[in-house]
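Listed below are the residues making up each chain.
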Amino acid sequence: MKPGIHPAYGPVVFRDRAADFAFLTRSTATSDKTIEWEDGNTYPVIDVEISSASHPFYTGTARVLDTAGRVERFERRYGKSGQSGQSGQSGESGKKAR
């Protein structure tokens, strides 16, 4: 890598205040706020709105969408797929002659 053109890459604490969860990782993100971590060192801290501790997908509280109902409603409204665009055409017109 070319020296002097890349941002500093170092340890940063990301904190999810909604879930009272924090984790230490490496990042190029910086912050003026700092926090003393479990190892006794002080690191920059970045507050995030959502993390794996509070996201519904990771916590198991995600809502399941009724995709089957949506497909059926679409088919009732617009017809089954494969029927549109074939009016007046025979199935033989798309074949190659040998």
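The rules we used
- Residues numbered from 1 in each chain as written.
- Predicted model: local features only at pLDDT ≥ 70, side-chain atom pairs only at ≥ 80, totals over all residues.
- Heavy atoms only, no water.
- Patch = residues over 30% accessible without salt bridge, like charges linked within 9 Å, V, L, I, M, F, W, Y side chains within 5 Å.
- Areas by Shrake-Rupley, 256 points an atom, 1.4 Å probe, with all protein chains shown as cover.
- Salt bridge = Lys/Arg side-chain N within 4 Å of Asp/Glu carboxyl O.
- Lys, Arg positive; Asp, Glu negative; His and termini not counted.
- Charge placed at Lys NZ, Arg CZ, Asp CG, Glu CD.
- Helix = DSSP H or I, 4+ residues; strand = E, 2+ residues; numbered from the N terminus.
- Buried < 20%, exposed > 50% of the residue type's maximum accessible area, 1.4 Å probe, protein only.
- Phe/Tyr/Trp six-rings, centres within 6.5 Å; stacked < 30°, edge-to-face > 60°.

Colleague: It is not clear to me how a positive patch on the surface should be interpreted in this structure. Could you clarify?
Modeller: The grouping of Arg70, Arg73, Arg76 and Arg77 at the surface amounts to a positive patch. Looking at the secondary structure, you find arginine 70 in helix α2 (residues 67–78). We classify arginine 70 as partly exposed; its relative accessible area is 46%.

Colleague: Looking at this structure, I do not really get the pattern of salt bridges. What am I missing?
Modeller: Pairing between side chains of opposite charge can happen when their charged atoms approach one another. Taken as a whole and assessed by the stated rule, the structure comprises 3 salt bridges. Between aspartate 47 and arginine 17 there is a salt bridge; the shortest N-O distance is 3.5 Å. Here the residue aspartate 47 occupies a position in strand β4 (residues 42–48), and arginine 17 occupies one in the loop between β1 (10–16) and β2 (21–27), the gap between them amounting to 30 residues. Overall, aspartate 47 belongs to the partly exposed group, its relative accessible area being 30%. Overall, arginine 17 belongs to the exposed group, its relative accessible area being 57%. Residues aspartate 47 and lysine 33 are paired through a salt bridge, measuring 2.9 Å at the closest nitrogen-oxygen approach. Placement of the pair is aspartate 47 in strand β4 and lysine 33 in the loop between β2 and β3 (34–36), with a sequence separation of 14 residues. In this structure, a network of salt bridges that share partners links the residues Arg15, Arg17, Lys33 and Asp47.

Colleague: Please explain the packing of aromatic side chains as it appears in this structure.
Modeller: The description of two aromatic rings rests on the distance between their centres and on the angle between their planes. Counted under the stated rule, the structure contains 3 aromatic pairs. Between phenylalanine 74 and tyrosine 78 the ring centres are 5.0 Å apart and the planes differ by 45°, which places this aromatic pair in the tilted class. Separated by 4 residues within a single helix, phenylalanine 74 and tyrosine 78 lie in helix α2, roughly one turn from each other. Taking relative accessible area as the criterion, tyrosine 78 reaches 56% and is therefore assigned exposed. What links up through ring pairs into an aromatic cluster is the set Phe14, Phe21 and Phe23.

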